[in-house]
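# Structural overview for review
Chain by chain, the residues run as shown.
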Amino acid sequence: MVMWYNSRWKAYFRVFLLFFIVLVLVWLALKAGIFWMEKTLSEQDDVLSWQNAQLQSYNEFTGFVKLQAVKELEGNYSEDIPWSTHIQKVIAMLGDIKNLDMSQDETLVLSDFNVSLDKLSVRGKVSNLLLLYYTSAEKGMTSLIDRFKKLDFISDMRIKNYTKNKDTGFFSFVLEANVNKDGK
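Residues numbered from 1 in each chain as written. Predicted model: local features only at pLDDT ≥ 70, side-chain atom pairs only at ≥ 80, totals over all residues. Heavy atoms only, no water.

Another point: the overall build of the protein chain. When its secondary structure is counted, the protein chain shows 5 helices and 4 strands. When its helices and strands are written in sequence order, the protein chain yields α-α-α-β-β-α-α-β-β. For the protein chain, the residues scored as buried account for 18% of the 184 residues in total. A separation of at least 24 residues holds for 50% of the contacts in the protein chain among residues at least 6 apart in sequence. (Helix = DSSP H or I, 4+ residues; strand = E, 2+ residues; numbered from the N terminus. Buried < 20%, exposed > 50% of the residue type's maximum accessible area, 1.4 Å probe, protein only. Contact = heavy atoms within 4.5 Å.)

Shown next as structure tokens:
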């Protein structure tokens, strides 16, 4: 009887020893898993802080802030008008006008450029009305009217009147146009 009693306790001891070893292995596996997870989280926190620093440096650039403002404006009106494209076209056209090689007799000055959701207007003065209306491919001349006609988002362009300043000899004008809602 003593032998049966010892072997039953030995069996219990072996089962509990096996259970204890399994518990220790599970505990070690959990500790290793927690260690690797904390290491991975630490690495991802480092990457996140580096990316936040990069984003902060981008936010400090003036051009980036302006780009974000244009994108926000375009996001608000993206269904109606792609403003960033229109603005780039207007800026390119005005840059071309600025870089024109005009003689001293020919002068074109633009000012008070206004754009709203439905109207575009620009004030200006010219020394010769040909600068407003005359286009010649042979001479490499493009009139102001034709330059504005190339902007695909405006229509119904007009110069209602112009006045000649007797002192300077310049013609003052206001060019107005409607902005197309669909951008075409």
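With that settled, consider unusual backbone geometry. Of note, the phi angle at Asp156 is positive, near 50 degrees, even though the residue is not glycine. On the secondary structure map, Asp156 appears in strand β3 (residues 154-164).

To continue, consider the nonpolar core. Soluble globular proteins tend to pack their nonpolar side chains together in the buried interior. If you look at the biggest cluster of nonpolar residues, it comprises 21 residues, and the most contacted ones within it are Leu120, Val126, Phe148 and Leu175. Where this core is concerned, the elements lending two or more residues are α3 (83-98), β2 (119-126), α4 (130-133), α5 (144-149), β3 and β4 (171-179). The element best represented in this core is β4, accounting for 5 residues. If we ignore the near neighbours within four places in the chain, the residues touching Leu175 are Leu120, Ser121, Val122, Ile145, Phe148, Met157, Arg158 and Ile159. (Core = buried A, V, L, I, M, F, W, Y, C linked by side-chain atoms within 4.5 Å.)

The next subject is the environment of Thr163. Note on placement: Thr163 falls in strand β3. For Thr163, a relative accessible area of 48% translates into the label partly exposed. In this structure, the C-alpha to C-alpha distance between Thr163 and Val174, residues 11 residues apart in sequence, is 9.9 Å. Among residues more than four places away in sequence, those in contact with Thr163 are Phe170, Phe171 and Ser172.

The pairing of strand β1 (residues 108-115) with β2 spans 6 bridges and is classified as antiparallel. Note that in β2 the partner of Val115 across the bridge is Leu120. Here β1 folds back onto β2, and the loop between the two strands holds 3 residues. (Pairing = 2+ DSSP bridges.)

This part takes up the pattern of salt bridges. For the structure on display, the rule yields 2 salt bridges. Among the ionic pairs, Asp156 bridges to Arg158, the shortest N-O distance being 3.6 Å. When salt bridges with common partners are traced through the structure, they connect Asp156, Arg158 and Glu176 into a single cluster. (Salt bridge = Lys/Arg side-chain N within 4 Å of Asp/Glu carboxyl O.)

The antiparallel open sheet is built from 4 strands, whose spatial order is β1-β2-β4-β3. Of all the strands in the sheet, just β1 and β3 have a single pairing partner and so form its edges. This sheet shows a mean twist of 15 degrees between the axes of neighbouring strands, independent of strand direction. Taken together, the 7 bridges between β3 and β4 define a ladder with antiparallel strand orientation. Bridging across to β4, Arg158 finds its partner in Glu176. (Axes fitted to C-alpha atoms, helices over the stretch in contact; angles between N-to-C directions.)

The next thing to look at is a nonpolar patch on the surface. A surface patch of nonpolar side chains, about 810 Å² in accessible area, is lined by Phe13, Leu17, Phe20, Ile21, Val24, Leu25, Trp27 and Leu28. Turning to its location among the elements, Phe13 is positioned in helix α1 (residues 2-59). Residue classification places Phe13 among the exposed positions, given a relative accessible area of 55%. (Patch = residues over 30% accessible without salt bridge, like charges linked within 9 Å, V, L, I, M, F, W, Y side chains within 5 Å. Areas by Shrake-Rupley, 256 points an atom, 1.4 Å probe, with all protein chains shown as cover.)

Looking at the secondary structure, you find Asp112 in strand β1. Each C-alpha atom, one on Asp112 and one on Gly124, is 7.9 Å from the other, the two residues being 12 residues apart in sequence. Once you skip the residues sitting within four places of it in the chain, Asp112 turns out to touch Ser121, Val122 and Arg123.

Tallied over the entire structure, the rule returns 3 aromatic pairs. Ring geometry for Trp9 and Tyr12: centres 5.7 Å apart, planes at 80 degrees, overall edge-to-face. On the criterion of helical spacing, the pair formed by Trp9 and Tyr12 is a turn pair, its members being 3 residues apart in helix α1. Pairing Tyr162 with Phe171 gives two aromatic rings, centres 6.1 Å apart and planes at 80 degrees, and the pair type is edge-to-face. Against the face of Phe170 rests Lys125, its NZ or CZ located 5.4 Å from the ring centre. (Phe/Tyr/Trp six-rings, centres within 6.5 Å; stacked < 30°, edge-to-face > 60°. Lys NZ or Arg CZ within 6 Å of the ring centre and 35° of its normal.)

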